[in-house]
Amino acid sequence: MELTYGAYRFELSCWWHKATWTKDVTVAETATLVGEFVAESLAAERAGTVVPVPRHPASGTTVQA
């Protein structure tokens, strides 16, 4: 969400923890955050990383997709 004073509100939610985290970030911080996320995603894809599927909180294992 864009705020009136030139910043953005970044909100992250986690289905696992049933929690939401909020942080106000500047335009420069937003660009850095998005850039790092994309770079890490591409690196993980090249490395053949498997993203785990949602699991039951009581489970001690992760099912690979």
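Sequence order sets the numbering: in each chain, residues are counted from 1 along the sequence as written. In keeping with the model being predicted, local features are shown solely for residues with a pLDDT of at least 70 and side-chain atom pairs are shown and tallied solely at 80 or more, while totals for entire chains, interfaces and linings include all residues. Side-chain measures here rest on the full set of heavy atoms in the structure, leaving out hydrogens and waters.

Chemist: Hey, could you go over the overall build of the chain for me, with residue numbers and the actual values?
Modeler: Put simply, DSSP marks the helices as runs of H or I at least four residues long and the strands as runs of E at least two long, and each gets a number from the N terminus on. In terms of regular secondary structure, the chain is built from one helix and two strands. The classification of residues rests on relative accessible area computed with a 1.4 Å probe and restricted to protein chains. Under 20% of the type maximum is buried, over 50% is exposed, and intermediate values are partly exposed. Burial status across the chain gives 6% buried among its 65 residues. Counting contacts in the chain only where the partners sit at least 6 residues apart, residues at least 24 apart contribute 10% of the total. Contact definition: two residues touch when any of their heavy atoms are within 4.5 Å.

Chemist: Could you give an account of the pattern of salt bridges, with specific residues and numbers?
Modeler: Should a side-chain nitrogen of Lys or Arg be within 4 Å of a carboxyl oxygen of Asp or Glu, the pair is scored as a salt bridge. Under the defined criterion, the tally for this structure stands at one salt bridge. Note that Arg-9 and Asp-24 form a salt bridge whose closest N and O atoms lie 2.7 Å from each other. One end of the pair, Arg-9, is in strand β1 (residues 7-14); the other, Asp-24, is in strand β2 (residues 19-26), with 15 residues separating them in the sequence. By relative accessible area, Asp-24 is classed as partly exposed at 33%.

Chemist: Lay out a nonpolar patch on the surface with the relevant residues and their values.
Modeler: Only residues whose relative accessible area exceeds 30% and that form no salt bridge enter a patch; like-charged residues are grouped when within 9 Å of one another, and nonpolar side chains (Val, Leu, Ile, Met, Phe, Trp, Tyr) when within 5 Å. Methods summary: accessible areas were calculated by the Shrake-Rupley approach with a probe of 1.4 Å, and residue burial reflects only the protein chains presented. A cluster of nonpolar residues, Phe-10, Leu-12, Trp-21 and Leu-33, forms a patch on the protein surface that exposes about 360 Å² of accessible area. Inspection of the secondary structure assignment puts Trp-21 in strand β2. By relative accessible area, Trp-21 is classed as partly exposed at 44%.

Chemist: Go over helix α1 (residues 27-46) with me, naming the residues and quoting the values.
Modeler: To estimate the expected span of a helix, subtract one from its residue number and multiply by 1.5 Å. Here α1 contains 20 residues, and its C-alpha end-to-end distance of 29 Å stays within 8% of the 28 Å for a straight helix at 1.5 Å per residue. Just beyond α1, the residue with positive phi is Gly-48, at close to 75°.

Chemist: An account of the confidence of the model for the chain is requested, with residue identities and associated values reported.
Modeler: By definition, pLDDT measures how confident the predictor is in each residue, and it falls between 0 and 100. Across the chain, the average pLDDT comes to 76, with 71% of residues at or above 70. For the chain, per-element mean pLDDT is lowest for β1, which scores 83, and highest for β2, which scores 88. In this model, residues 61-65 is a region of pLDDT below 50 whose contacts with residues beyond four sequence positions or in other chains number 10 contacts.

Chemist: So what's going on with the packing of aromatic side chains? Which residues, and what values?
Modeler: Paired rings are identified among Phe, Tyr and Trp, the last through its six-membered ring, by centres lying within 6.5 Å, and are further divided according to the angle between planes into stacked (under 30 degrees), edge-to-face (over 60) and tilted (the rest). Taken as a whole, this structure holds one aromatic pair when the rule is applied. Ring centres of Trp-15 and Trp-16 lie 5.4 Å apart, and the angle between their planes is 85°; on these two criteria the pair is classed as edge-to-face.

Chemist: Talk me through the pairing of β1; I want residue IDs and the actual numbers.
Modeler: For two strands to count as paired, DSSP must find a minimum of two bridges between them. In terms of strand pairing, β1 meets β2 through eight bridges, oriented antiparallel. Residue pairing in the sheet places Tyr-8 in a bridge with Val-25 of β2. Between β1 and β2, which pair antiparallel one after the other, the connecting turn spans four residues, and Lys-18 there sits at a positive phi close to 50°.

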